[in-house]
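A closer look at the structure
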Amino acid sequence: MTDAYVHVVAEPSAVSRTATEIADGENVDTVHLVTGEHDIVAQIDAESKDDIADIVTEQVHSVSGVVDTITSVAFEP
């Protein structure tokens, strides 16, 4: 299992709705509204790191209100 964190910029009028819709994604573990450059951080669980790009494009970028994302893949220390 591979974890990744997707930092999402959302349309200002749609942040809460966008976060709720992202949270409904099949591979999404947790979603938080955050302060700073990004509006939302979603933790996704993927079978492998090769699956992350598909999950982000199909389950996160397809959500109405998503403007941009930056994805960070988590590695064990």
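Just so you know, the residues in each chain are numbered from 1, in the order the chain's sequence is written. Owing to the predicted nature of the model, reporting of local features is limited to residues with pLDDT of at least 70; listing and counting of side-chain atom pairs is limited to 80 or more, with chain, interface and lining totals taken over all residues. The basis for every side-chain value is the complete set of heavy atoms in the structure, and neither hydrogens nor water enter the calculation.

1. Brief notes about the overall build of the chain
We count a stretch as a helix when DSSP gives it H or I for four or more residues in a row; a strand needs E for two or more, and each element gets its number in order from the N terminus. From N to C terminus, the chain includes 2 helices and 4 strands. Starting at the N terminus, the α and β elements of the chain follow one another as β-α-β-β-α-β. Note on method: radius of gyration uses C-alpha positions; expected globular size equals 2.2 Å times residues raised to 0.38. Over its C-alpha trace the chain gives a radius of gyration of 12 Å, about what one expects of a compact globule, namely 11 Å for 77 residues. Across its three principal directions, the C-alpha atoms of the chain cover 35 × 25 × 15 Å. Under the scheme applied here, a residue whose accessible area is under 20% of the maximum for its type counts as buried, over 50% as exposed, and between as partly exposed, the area being computed with a 1.4 Å probe on protein chains only. Classification of the 77 residues of the chain by burial places 38% in the buried group. In what follows, residue pairs with any heavy atoms lying within 4.5 Å of each other are defined as contacts. Of all intrachain contacts in the chain linking residues separated by at least 6 positions in sequence, the fraction that spans at least 24 positions is 65%. Per-residue accessibility takes into account occlusion by the displayed protein chains alone, with areas from the Shrake-Rupley method and a 1.4 Å probe. Surface exposure of the chain reaches about 4700 Å², of which carbon and sulfur atoms provide 48%.

2. Examining the nonpolar core
Of all hydrophobic cores here, the largest spans 18 residues; its most connected members are Val6, Val8, Ile22, Ile40, Ile44 and Ile52. Among the secondary structure elements, those contributing two or more residues to this core are strand 1 (2-10), helix 1 (15-23), strand 3 (40-46) and helix 2 (52-60). When near neighbours in sequence (up to four residues on either side) are disregarded, isoleucine 52 contacts Thr2, Ala4, Ile44, Ala46, Thr71 and Val73. Buried Ala, Val, Leu, Ile, Met, Phe, Trp, Tyr and Cys residues that are joined via side-chain atoms within 4.5 Å together make up what is termed a nonpolar core.

3. Examining the environment of proline 12
Among the structural elements, proline 12 can be located in the loop between strand 1 and helix 1. Residues proline 12 and aspartate 39 lie 27 residues apart in sequence; the distance between their C-alpha atoms is 8.7 Å.

4. Quick word on helix 2
Of all the residues in helix 2, the buried ones are Ile52, Ile55, Val56, Gln59 and Val60. For helix 2, the arc enclosing every buried residue in end-on projection is 105°, short of the 170-degree limit, so these residues lie on one face. Looking at the packing, one finds that the buried side of helix 2 touches strand 1, helix 1, strand 2 (28-33), strand 3 and strand 4 (66-73). When we speak of the arc, we mean the arc of directions from the helix axis to the C-beta atoms.

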